[in-house]
Amino acid sequence: MAEINWEDPFCGEGNNCFRIGTDARGQAYIAVAGQEESYLTDTREALSTLIRDIKAGKADHLL
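Values in this document were obtained by computation on a predicted structure and should not be read as measured data. (Residues numbered from 1 in each chain as written. Predicted model: local features only at pLDDT ≥ 70, side-chain atom pairs only at ≥ 80, totals over all residues. Heavy atoms only, no water.)

*Asks:* How should the environment of Glu 36 be read in this particular structure?
*Replies:* Tracing the chain through its elements places Glu 36 in the loop between β4 (27-32) and β5 (40-43). Residue classification places Glu 36 among the buried positions, given a relative accessible area of 17%. C-alpha of Glu 36 to C-alpha of Ile 20: the two residues are 16 residues apart in sequence and 9.5 Å apart in space. Those residues in contact with Glu 36 that sit more than four places away from it in its chain are Trp 6, Arg 19 and Ala 31. Within the structure, Glu 36 has its side chain in polar contact with the backbone nitrogen of Gly 34 (distance 3.1 Å). (Helix = DSSP H or I, 4+ residues; strand = E, 2+ residues; numbered from the N terminus. Buried < 20%, exposed > 50% of the residue type's maximum accessible area, 1.4 Å probe, protein only. Contact = heavy atoms within 4.5 Å. Polar contact = N/O pair within 3.5 Å; in protein donor to acceptor, adjacent residues only side chain to side chain.)

Right under this line is the structure:
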């Protein structure tokens, strides 16, 4: 398993805290803070796109 360098948690409203991480191979990771052993991984570009789309409101219909 790759060593993941986690950033500080990002917390939205309430207790929704997430962490973003990267490894030496260029993979990016996102996990719920405190549950970093259960992460989603993809390329850095793919997760960046996901985050930008969420910020743009493209996932609002899921709420």
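Read on, since the account is not over.
*Asks:* Any chance you could explain the packing of aromatic side chains here in plain terms?
*Replies:* Within a pair of aromatic rings, the relevant descriptors are the distance that separates the centres and the angle that separates the planes. All told, the structure shown has 2 aromatic pairs when counted by the stated rule. Centroid distance Trp 6 to Tyr 29: 6.4 Å. Interplanar angle 65°. Geometry classified as edge-to-face. With Trp 6 in strand β1 (residues 5-6) and Tyr 29 in strand β4, this residue pair connects regions lying 23 residues apart in the sequence. For Trp 6, a relative accessible area of 23% puts it in the partly exposed group. Relative accessible area serves as the criterion here: at 3%, Tyr 29 is assigned to the buried category. Measuring from centroid to centroid gives 4.9 Å for Tyr 29 and Tyr 39, while their planes differ by 85°, and the two rings are edge-to-face. Here Tyr 29, found in strand β4, pairs with Tyr 39, found in the loop between β4 and β5; they are 10 residues apart in sequence, far enough to count as distant. Using a relative accessible area of 29% as the deciding quantity, one classes Tyr 39 as partly exposed. (Phe/Tyr/Trp six-rings, centres within 6.5 Å; stacked < 30°, edge-to-face > 60°.)

*Asks:* I'm lost on the state of the cysteines in this one. Help?
*Replies:* Note on terminology: a disulfide is the covalent bond linking the sulfur atoms of two cysteines. Applying the stated criterion across every chain, the model contains 1 disulfide. Note that Cys 11 is cross-linked by a disulfide to Cys 17, the S-S spacing being 2.0 Å. What sets the handedness of the Cys 11 and Cys 17 disulfide is the S-S torsion sign, and at about 110° it is right-handed. By relative accessible area, which is 19% here, Cys 17 ends up buried. (Disulfide = S-S within 2.5 Å.)

*Asks:* Is there a simple way to think about the pattern of salt bridges in this case?
*Replies:* Summed over all chains, the structure comprises 3 salt bridges. Where Glu 36 meets Arg 19, a salt bridge forms, and the shortest distance between an N and an O atom there is 3.2 Å. With Glu 36 in the loop between β4 and β5 and Arg 19 in strand β3 (residues 17-22), this pair connects stretches of sequence that are 17 residues apart. (Salt bridge = Lys/Arg side-chain N within 4 Å of Asp/Glu carboxyl O.)

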